[in-house]
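# Reading the structure
Each chain, written out:
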Amino acid sequence: MDLETEVRGDLLVVRVQEERIDAAAAIEFKDRMRELVDTPASRVLLDLSCVTFLDSSGLGAVVAVMKLLGPDRRLELAALGPVVRKVFRLTRMDRVFTIHERVSDAL
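Given the structure is predicted, the values throughout are model-derived calculations rather than measurements.

This next bit is on unusual backbone geometry. Peptide bonds are trans in most cases, and residues, glycine excluded, mostly fall at negative phi. A positive phi is found at alanine 79, a non-glycine position, where the angle reads about 60 degrees. By the secondary structure assignment, alanine 79 is in the loop between strand E6 (74–78) and helix H3 (82–90). What makes alanine 79 buried here is its relative accessible area of 16%.

The sheet contact formed by strand E1 (residues 3–8) and strand E2 (residues 11–16) spans six bridges and is antiparallel. In the strand pairing of E2, arginine 8 is matched with leucine 11. Hairpin remark: E1 followed by E2, antiparallel, with two residues in the connecting loop; positive phi at glycine 9, about 65 degrees.

Here we take up the sheet that holds strand E7 (residues 98–100). With mixed pairing, five strands are arranged side by side in an open sheet as E1-E2-E4-E6-E7. Either end of the sheet is taken by a strand with one partner, and the two such strands are E1 and E7. Sheet twist, expressed as the average angle between the axes of neighbouring strands with direction ignored, equals 25 degrees. The sheet contact formed by strand E4 (residues 43–47) and E6 spans five bridges and is parallel. Bridged to aspartate 47 within E6 is alanine 78. The strands that helix H1 (residues 26–36) touches are E1, E2 and E4; relative to E1, the one it contacts most, it runs at about 25 degrees. Sitting on the sheet, helix H2 (residues 56–69) is in contact with E4 and E6, with an inclination near 145 degrees to E6.

What follows is about the environment of leucine 77. Its place among the elements puts leucine 77 in strand E6. Leucine 77 gets classed as buried once you look at its relative accessible area, which sits at 0%. Measuring from C-alpha to C-alpha, the distance between leucine 77 and phenylalanine 29 comes to 15 Å, with 48 residues separating the pair along the chain. Once residues within four sequence positions are removed from consideration, leucine 77 is found in contact with Leu45, Leu46, Leu48, Val62, Phe88, Phe97, Thr98, Ile99 and His100.

Thresholds, definitions, all that
- Residues numbered from 1 in each chain as written.
- Predicted model: local features only at pLDDT ≥ 70, side-chain atom pairs only at ≥ 80, totals over all residues.
- Heavy atoms only, no water.
- Helix = DSSP H or I, 4+ residues; strand = E, 2+ residues; numbered from the N terminus.
- Buried < 20%, exposed > 50% of the residue type's maximum accessible area, 1.4 Å probe, protein only.
- Pairing = 2+ DSSP bridges.
- Axes fitted to C-alpha atoms, helices over the stretch in contact; angles between N-to-C directions.
- Contact = heavy atoms within 4.5 Å.

Listed below in structure tokens is the structure:
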């Protein structure tokens, strides 16, 4: 799973450099995120601009990362494409996560 990180003050930006977060990639995504969120930051922003497909396993992996961060750290999302945005809207997870149109909006 190709993930790139950048620290901007109290914000850790994680860019997903994959087109899909699905059943085949969900476990690897969670494992990589577990490693990356060790970086001290009160907010974690997941840049999903490259992701064109997210299934229920991928959604579950994103929720698992949110739970991994605990109550003191927030997981925010940015740059959701139409298919990914629809998954979050249909499952009402768009009410759980803070979703930004662009990464720059979260800064």
